[in-house]
Amino acid sequence: MPKSKFKLLFRHRDAEPTTTYDYALRLVRSVIGFTVLAVGIIMLVTPGPAIVVIPLGLMILATEYAWARRYLKQFKEGGEKLGAILFTRKKKEQKETE
């Protein structure tokens, strides 16, 4: 029975590549992920949506690398903290104006 395309593209994170196809997919994902991440880092100093592109690159790399999962988790936590601070401040300002 052939494997579904979904399972071929997104195998379990901890599974080691066993075939040439698995190695090729890992290489393609790595190249695309590092390229997107590099473009995002360049966008930090040039005009562009780096805040969107960097997590996108980390998401691609997180399918293969544990370090990328850790950085992505830190990025998400930082965004949640920033959102909590900003929304709390807005609520306080609205209460003061009323």
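Everything below is about the structure shown above.
Residues numbered from 1 in each chain as written. Predicted model: local features only at pLDDT ≥ 70, side-chain atom pairs only at ≥ 80, totals over all residues. Heavy atoms only, no water.

## Comments concerning the overall build of the protein chain
Then, number 1: Secondary structure summary: the protein chain contains 4 helices and 0 strands in total.
Then, number 2: Its helices and strands taken in sequence order, the protein chain reads α-α-α-α from the N to the C terminus.
Then, number 3: In the protein chain, which comprises 98 residues, the share counted as buried stands at 23%.
Then, number 4: Relative to all contacts within the protein chain whose residues are 6 or more apart in sequence, the contacts with residues 24 or more apart total 35%.
Then, number 5: Of the roughly 7900 Å² of accessible surface on the protein chain, 67% is carried by carbon and sulfur atoms. (Helix = DSSP H or I, 4+ residues; strand = E, 2+ residues; numbered from the N terminus. Buried < 20%, exposed > 50% of the residue type's maximum accessible area, 1.4 Å probe, protein only. Contact = heavy atoms within 4.5 Å. Areas by Shrake-Rupley, 256 points an atom, 1.4 Å probe, with all protein chains shown as cover.)

## Thoughts on the packing of helix α2 (residues 20-42) against helix α3 (residues 50-62)
Then, number 1: Between α2 and α3, the least distance of the axes is 8 Å, while the angle of their chain directions is 160°. One element, α2, and the other, α3, form an angle in the roughly antiparallel class. The crossing of α2 and α3 is left-handed. Along its contact with α2, which presents Arg-29, Ser-30, Ile-32, Gly-33, Phe-34, Val-36, Leu-37, Val-39, Gly-40 and Ile-41, the element α3 presents Ala-50, Val-53, Ile-54, Leu-56, Gly-57, Leu-58, Ile-60 and Leu-61.
Then, number 2: Split into classes, the residues belonging to the contact of α2 with α3 amount to 13 nonpolar, 4 polar and 1 charged. (Axes fitted to C-alpha atoms, helices over the stretch in contact; angles between N-to-C directions. Parallel < 35°, antiparallel > 145°, perpendicular 65-115°, else oblique. Left-handed = near helix turned anticlockwise from the far one by under 90°. Nonpolar A, V, L, I, M, F, W, Y, C, P; charged D, E, K, R; others polar.)

## A word on the pattern of salt bridges
Then, number 1: For the coordinates displayed, the defined rule picks out 2 salt bridges.
Then, number 2: In this structure, Arg-26 and Glu-64 form a salt bridge, with 3.3 Å as the shortest nitrogen-oxygen distance. Residue Arg-26 is located in helix α2, and its partner Glu-64 is located in the loop between α3 and α4 (66-97); the two are separated by 38 residues in the primary sequence.
Then, number 3: Look at Glu-64 and you get buried, because its relative accessible area is 8%.
Then, number 4: Note that Arg-29 is salt-bridged to Glu-64, the shortest N-O span being 2.2 Å. You can see Arg-29 sitting in helix α2 and its partner Glu-64 sitting in the loop between α3 and α4, a full 35 residues away along the chain.
Then, number 5: Judged by its relative accessible area of 13%, Arg-29 is buried.
Then, number 6: Linked by salt bridges that have partners in common, Arg-26, Arg-29 and Glu-64 make up one network. (Salt bridge = Lys/Arg side-chain N within 4 Å of Asp/Glu carboxyl O.)

## Some remarks on the nonpolar core
Then, number 1: Val-36, Leu-37, Met-43, Ala-50, Val-53, Ile-54, Leu-58, Leu-61, Ala-62, Ala-68 and Leu-72 together form the largest nonpolar core, which totals 11 residues.
Then, number 2: For this core, the element with the highest residue contribution is α3, accounting for 6 residues. (Core = buried A, V, L, I, M, F, W, Y, C linked by side-chain atoms within 4.5 Å.)

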